[in-house]
Amino acid sequence: MSTITIPDLVAPAGSLRALTLAIDAGADAVYLGLKNATNARNFAGLNFDDAQVRDGVAYAHSRGRQVLMALNTFADARDDRPWRAAVDAAAALGADALIVADTAVLAYARDHHPGLRLHLSVQASATTHTAIEYYRQRFGIQRAVLPRVLTLQQIQQVIRNTGVEIEVFGFGSLCVMVEGRCALSSYATGQSPNTAGVCSPPAAVQWIEGPTGVEARLAGVLIDRYGPQEPRGYPTLCKGRFKVGDAAAPDYALEEPTSLNTLALLPQLIASGVSAIKIEGRQRSPSYVAGVTRVWREALDSLRNGERYSVQPAWQHELGRWAEGQQSTLGAFDRPWR
Ligand code: SF4
């Protein structure tokens, strides 16, 4: 009987509570960030101080799971010391790997903590095996997280041509441009998605009730108008409805407010040799983390147990509860344009 290698399930943790729930729900690894600009989800009420990282690492390790630390922003040209200090902290606190995008941070980790695993962050936007091999040769990365713009065939092509482990996103919000580094929201809010934690900082978001529904605005810029019963996504500029050219009505010009959900493609992803499946959403609630992780654990285990795979309605129902705008998509896996 042929055996299949089940990928690691990598879950987000924006808090110690989310971390413990993720582990209890069956995550093989959790990823987290410190309470500063060294991680791309840097906003109030989220993330870990040193003591919490230590507690989280102890909790995960006592159950045979791993903690990956996201140091995935690009260092500030004026002062990169926080990024170097974060690498040192991750090593001292027992993180199993760093998730890094910036070559300067990769070089620092390589030179000062040669035993620490390095994962190339999705923020690095490495889409080809040659780019990934470059990072392996220069910095010794052992895993790369692929941007959410590749087809199954393109993922297979990458895996065939590199010895670096490949991680792909399975579920969560989508970004259509350079993985969190487009300038749309910087233009509207004056804040960088790189270091302000999110494309739409909560302080800039306005929901304005009117007689015909609700307007969503970001720093005053109208992103969408919703009818009374319409599901609402978090207002992100790339996912707004705009009137373009001669169009009769506003429509999604760039991307729709939906969540990626690749549950239907899981057997193909595994057959392709994917090493890890990632759930997006450190900014989401502990309940989201627990609910989504549990579904993916069950799906992966059903394949491990050799069961005939089919996406269970209960899984889709649960994921539908947590999807952005309560809608999901296969994203680039079935997008007609490239
Ligand atoms: S505004 Fe949209 S495209 Fe731009 S970084 Fe954010 S999610 Fe990505």
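Residues numbered from 1 in each chain as written. Predicted model: local features only at pLDDT ≥ 70, side-chain atom pairs only at ≥ 80, totals over all residues. Heavy atoms only, no water.

Bridge count for strand S9 (residues 213-218) against strand S10 (residues 221-226) is five bridges, and the pairing is antiparallel. The partner of Val 214 across the bridge, within S10, is Tyr 226. (Pairing = 2+ DSSP bridges. Helix = DSSP H or I, 4+ residues; strand = E, 2+ residues; numbered from the N terminus.)

A few words now on the packing of helix H3 (residues 81-93) against helix H4 (residues 103-112). Look at H3 against H4: their axes get within 10 Å of each other, and the N-to-C directions meet at 40 degrees. Classified by the interaxial angle, the pair formed by H3 and H4 is oblique. Seen from above, H3 lies across H4 with right-handed handedness. For the pair H3 and H4, contact is made by Trp 83, Arg 84, Val 87 and Asp 88 and by Val 105, Tyr 108 and Ala 109, respectively. Residue classes in the contact of H3 with H4 are distributed as five nonpolar, no polar and two charged. (Axes fitted to C-alpha atoms, helices over the stretch in contact; angles between N-to-C directions. Parallel < 35°, antiparallel > 145°, perpendicular 65-115°, else oblique. Left-handed = near helix turned anticlockwise from the far one by under 90°. Contact = heavy atoms within 4.5 Å. Nonpolar A, V, L, I, M, F, W, Y, C, P; charged D, E, K, R; others polar.)

Below, the discussion takes up helix H1 (residues 16-24). Along H1, the residues classified as buried are Ala 18, Leu 19, Thr 20, Leu 21, Ala 22 and Ile 23. Those residues of H1 that are buried lie in contact with strand S1 (8-12), strand S2 (29-32), helix H2 (50-62) and helix H9 (286-304). Backbone geometry just after H1 places Gly 26 at a positive phi near 110 degrees. (Buried < 20%, exposed > 50% of the residue type's maximum accessible area, 1.4 Å probe, protein only.)

Here we take up unusual backbone geometry. Even without glycine at this site, Ser 125 takes up a positive phi of about 55 degrees. Tracing the backbone through its elements, the reader meets Ser 125 in the loop between strand S5 (117-120) and helix H5 (129-139). In this structure, Ala 219 takes a positive phi of about 50 degrees despite not being glycine. By secondary structure assignment, the location of Ala 219 is in the loop between S9 and S10. The exposure class of Ala 219 is partly exposed, given its relative accessible area of 40%.

This brings us to the pattern of salt bridges. Opposite charge on two side chains lets them pair, provided their charged atoms get close. Considering all chains together, one arrives at 20 salt bridges under this definition. Here Arg 84 makes a salt bridge to Asp 80, at a shortest N to O gap of 2.8 Å. One salt bridge connects Arg 241 with Asp 224, and the closest N-O pair in it is separated by 2.7 Å. With Arg 241 in strand S11 (residues 241-242) and Asp 224 in strand S10, the pair connects residues that are 17 residues apart, well separated along the chain. As far as burial versus exposure is concerned, Arg 241 and Asp 224 are alike and both buried. Each member of the salt-bridge network shares a partner with another, and the members are Asp 8, Arg 117, Arg 143, Glu 165, Glu 167 and Lys 278. (Salt bridge = Lys/Arg side-chain N within 4 Å of Asp/Glu carboxyl O.)

Membership of the largest hydrophobic core comes to 76 residues, with the highest contact counts inside it found for Leu 98, Ile 141 and Trp 296. Of all the elements, H9 adds the most residues to this core, at eight residues. In contact with Ile 141, other than residues within four places in its own chain, are Leu 106, Leu 118, Leu 120, Ile 132, Tyr 135, Arg 136 and Val 164. (Core = buried A, V, L, I, M, F, W, Y, C linked by side-chain atoms within 4.5 Å.)

Our focus in this paragraph is the domain arrangement of the chain. When the domains of the chain are assigned, the result is domain 1 (8-174 + 258-333) and domain 2 (184-252). Averaged C-alpha coordinates put domain 1 and domain 2 at centres separated by 27 Å. On the domain 2 side, the residues contacting the 14 residues of domain 1 number eleven residues. The three residues of domain 1 that bury the most area against domain 2 are Phe 43, Glu 324 and Gly 325, which together make up 37% of that side's buried surface. The interface formed by domain 1 and domain 2 includes one salt bridge. The salt bridge partner of Lys 239 is Glu 324, with a shortest N-O separation of 3.8 Å. (Domains from an automatic or database assignment. Buried area = accessible area lost by both parts, 1.4 Å probe.)

Take H2 next. For H2, built from 13 residues, the straight-helix expectation of 18 Å at 1.5 Å per residue is met to within 8% by its first-to-last C-alpha distance of 18 Å. Looking at the buried side of H2, the elements it contacts are H1, S2, strand S3 (66-71) and H3. In the stretch just after H2, Gly 64 is the one whose phi turns positive, near 75 degrees. (Expected span 1.5 Å × (residues − 1).)

The three strands are arranged S8-S9-S10 in an open sheet whose pairing can be described as antiparallel. Each of the sheet's edge strands pairs with one partner strand only, and the pair in question is strand S8 (205-210) and S10. On average, each strand axis in the sheet is inclined to that of its neighbour by 25 degrees, with strand direction left out of account. The pairing of S8 with S9 spans six bridges and is classified as antiparallel. Pairing of Ile 208 across the sheet is with Glu 215, part of S9.

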